[in-house]
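# A structural walkthrough
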Amino acid sequence: MKLKSRVLVVGGGAIGGLFAWRLSLSPTVSVSLVCRSNYQKVKTSGYLINSAQFGTSVYRPSSVFRTVEEAASDGPYDYVIVALKALPNIYDSSERIQPAVTPSTTIVLFQNGIGIEEPFVKRFPYNDIVSSVSFVSVKQEDSGCLKHGGFSMLAAGVHSYKRSLAEATRKLETLFEAFESQGVSCTIEADIQPFRWQKHILNGSTNPVSVICGGSSCQEMVRNAYCRRLLEESMEEIFVLGKRVTGKAFPGVDGIVDPQSATEYIESIPVPVYTSMLVDSQCKRPMERDVILKNPIDLADKLGVHVPHMKALYALVTMVEDNYAK
């Protein structure tokens, strides 16, 4: 009898909770989860998930841990999925997962932003590292309570590998087969970076602008002519920089091929969308400002690409965060 693949999901928020749930339903996978702020709720009651795609369900993880160190004592794991917020100005995500990583572990990054892979490559030069981009609308409305929309897609590619690209890809295919068996659309790309930049079109514009707007939904922002122009000009910088960095066109997920189609897509969403950065700012939590703004700005400066909107947004968002203590 074939042994189940053992997966540890580090980060039990909206993304980690949703995808751990889908994986747990596969008979080929055993899933463990590391939670922090919602640990007690998830450990006691599990997740209550209201999903337009999959229906309403209660997910009670078979193994929930408060720390990676505790989870490591129950290892080893074939895969460690990193669903932590990417906050390099606060902590190093690669350091946080280190206790659970063994020489045979494949590290799968489920984090937003640009340039997230390098800390993991430096710390784990002899492990397979997969960079994954999630196209999904999901939020944790209360501790252990997830609200998910009608679509879930993962795009991923091998970023670095230990022995061979073919072997690392086969292991990624095994994981994605489990996801696909439970309704998650998956695609494996030779170069994942155009998909990462594709997602960044919305992430890198609506996130910081929503914070500065003081609480507006994405739809409210595009209905205001001045704000819509700001968003589209910010998106244009992302298109130009992303194509310069990758040397490739973006894949056009959701029909987004230019700033205008991006704002039209936002307009078409029937329910109000509030960005994760906005929610973090309202709760006075650290925002993913470095991977959303600073890392792309550093690339732009290196390549000589003009990004004045991006720089202005970064300056304003850092001031918002610096003022939390006031």
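So, a few notes on the structure that sits alongside this text. (Residues numbered from 1 in each chain as written. Predicted model: local features only at pLDDT ≥ 70, side-chain atom pairs only at ≥ 80, totals over all residues. Heavy atoms only, no water.)

### Quick word on the overall build of the protein chain
How we decide: Helix numbering and strand numbering both begin at the N terminus, where a helix is a DSSP run of H or I of at least 4 residues and a strand a DSSP run of E of at least 2. Computation of the radius of gyration draws on C-alpha atoms alone. For the globule rule, the value is 2.2 Å times the number of residues to the power 0.38. Each residue's exposure class comes from its accessible area (1.4 Å probe, protein chains only) as a fraction of the maximum for that residue type: buried when under 20%, exposed when over 50%, partly exposed otherwise. Any two residues having at least one pair of non-hydrogen atoms within 4.5 Å are treated as being in contact. Here the accessible surface of atoms and residues is derived via Shrake-Rupley with a 1.4 Å probe, and residues count as covered only by protein chains that are part of the display. His is not counted here, nor are the chain ends, while Lys and Arg score as positive and Asp and Glu score as negative. Charged side chains are reduced to one point each, which is NZ for Lys, CZ for Arg, CG for Asp and CD for Glu.
Scanning the protein chain from N- to C-terminus turns up 13 helices and ten strands. For 326 residues, the compact-globule formula gives about 20 Å, and the C-alpha radius of gyration of the protein chain, at 19 Å, lands near that figure. Overall, the protein chain is about 60 × 40 × 40 Å in size when its C-alpha atoms are taken along their principal axes. Here the protein chain, with 326 residues, has 52% of them falling under the buried criterion. Intrachain contacts of the protein chain at a sequence separation of at least 6 include 72% that bridge at least 24 residues. Looking at the protein chain as shown, the accessible area adds up to about 14,700 Å², and 52% of this sits on carbon and sulfur atoms. For the protein chain, the distance from the average position of its 34 positive side-chain charges to the average position of its 33 negative side-chain charges is 5 Å.

### Thoughts on the packing of aromatic side chains
Going by this rule: Each Phe, Tyr or Trp ring, with Trp reduced to its six-membered ring, pairs with another whose centre is within 6.5 Å; inter-plane angles below 30 degrees give stacked pairs, above 60 give edge-to-face pairs, and intermediate values give tilted ones.
Following the criterion strictly, the structure yields seven aromatic pairs and no others. A ring pair is formed by Phe19 and Phe179, whose centres lie 5.8 Å apart and whose planes are at 90 degrees; its orientation type is edge-to-face. One end of the pair, Phe19, is in helix H1 (residues 14-24); the other, Phe179, is in helix H6 (residues 165-181), and 160 residues separate them in sequence. Both residues of the pair, Phe19 and Phe179, count as buried. Geometrically, the ring pair formed by Phe176 and Phe179 is edge-to-face, given 6.1 Å between the ring centres and 80 degrees between the ring planes. Of the two residues, Phe176 and Phe179 both sit in helix H6, three residues apart, roughly one turn of that helix.

### Describing the side chain of Asn203
Relative to the elements of secondary structure, Asn203 occurs in helix H7 (residues 193-213). Asn203 sits in the buried class, given a relative accessible area of 14%. For Asn203, the contacting residues outside a window of four places in its chain are Asn112, Pro208 and Ile292.

### Let's talk about the nonpolar core
This is how it is decided: Among buried residues, the Ala, Val, Leu, Ile, Met, Phe, Trp, Tyr and Cys ones that are joined through side-chain atoms within 4.5 Å form a nonpolar core.
In this structure, Ile97 and Ile107 are the most contacted members of the largest nonpolar core, which totals 54 residues. When sequence neighbours within four positions are dropped, the list of residues in contact with Ile107 reads Val80, Val82, Ile97, Val101, Phe120, Phe124, Asn127, Asp128, Ile129 and Val130. Leu18, Cys35, Ile49 and Val130 belong to the second-largest nonpolar core, a separate cluster that totals 37 residues.

### With respect to the pattern of salt bridges
Should their charged atoms come close, side chains of opposite charge can pair. The following threshold applies: When a carboxyl oxygen of Asp or Glu lies within 4 Å of a side-chain nitrogen of Lys or Arg, that pair is called a salt bridge.
As enumerated under the stated definition, the model contains 15 salt bridges in all. Between Asp280 and Arg285 there is a salt bridge, with the nearest N and O atoms lying 2.9 Å from each other. A single network of salt bridges, built from pairs that share partners, joins Lys85, Asp280 and Arg285.

### Overview of the pairing of strand S4 (residues 55-59)
This is how it is decided: Strand pairing is assigned whenever DSSP detects at least two bridges linking the two strands.
Pairing geometry for strand S3 (residues 47-51) and S4, over five bridges, is antiparallel. By the bridge assignment for S4, Leu48 is matched with Val58. Counting the residues between successive antiparallel strands, the hairpin from S3 to S4 contains three residues.

### Observations concerning unusual backbone geometry
In this chain, Gly75 is followed by Pro76 through a cis amide linkage whose omega measures 5 degrees. In this structure, Pro76 sits in the loop between helix H3 (68-72) and strand S6 (79-82). The residue Asp254 is not glycine, and still its phi comes out positive at about 65 degrees. Assignment of secondary structure puts Asp254 in the loop between helix H9 (225-246) and helix H10 (259-268). Among the residues examined, Asp254 registers a relative accessible area of 41% and is labelled partly exposed.

### Side note on the packing of H9 against H10
Note the cut-off: For helices, the axis comes from a line fit to the C-alpha atoms of the stretch in contact; other axes are also lines fit to C-alpha atoms, and the angle between any two N-to-C directions lies between 0 and 180 degrees. Working definition: roughly parallel below 35 degrees, roughly antiparallel above 145 degrees, roughly perpendicular at 65 to 115 degrees, and oblique for all remaining angles. Each helix crossing is assigned a hand: it is left-handed if the near helix lies turned anticlockwise from the far helix by less than a right angle, otherwise right-handed if that turn is clockwise. Lys, Arg, Asp and Glu make up the charged group, whereas Ala, Val, Leu, Ile, Met, Phe, Trp, Tyr, Cys and Pro make up the nonpolar group; the residues left over, Gly among them, are polar.
In contact at an axis separation of 8 Å, H9 and H10 are set at 130 degrees when each is read in the N-to-C sense. When the axes of H9 and H10 are compared, the pair comes out oblique. In this structure, the crossing between H9 and H10 has a hand that is right-handed. Taken together, the residues of H10 that come into contact with H9 (itself represented by Arg228, Glu232, Met235, Glu236 and Phe239) are Pro259, Gln260, Ala262, Thr263, Glu264, Ile266 and Glu267. Grouping the amino acids of the contact of H9 with H10 by side-chain chemistry returns five nonpolar, two polar and five charged.

### Topic: the environment of Arg66
Here Arg66 shows up in the loop between strand S5 (63-65) and H3. In this structure, the C-alpha to C-alpha distance between Arg66 and Gly247, residues 181 residues apart in sequence, is 42 Å. Setting aside anything within four residues of it in sequence, one finds Arg66 in contact with Val34, Cys35, Arg36, Tyr39 and Gln40.

### Description of H10
For H10, the complete set of buried residues consists of Pro259, Ser261, Ala262, Thr263 and Ile266. Turning to H10, the residues buried within the fold contact H7, helix H8 (218-223) and H9.

### Points about the pairing of strand S9 (residues 145-160)
Pairing of S3 with S9 involves four bridges; the strand directions are parallel. Following the sheet pairing, Ile49 is matched in S9 by Leu146. Where strand S8 (residues 129-142) lies against S9, twelve bridges are found, and the strand directions are antiparallel. In the strand pairing of S9, Val138 is matched with His148. Adjacent in sequence and paired antiparallel, S8 and S9 are bridged by two residues, among which Gly144 carries a positive phi angle near 80 degrees. Of the pairings in the sheet, the one linking S9 to strand S10 (residues 185-188) comprises four bridges and is parallel in character.

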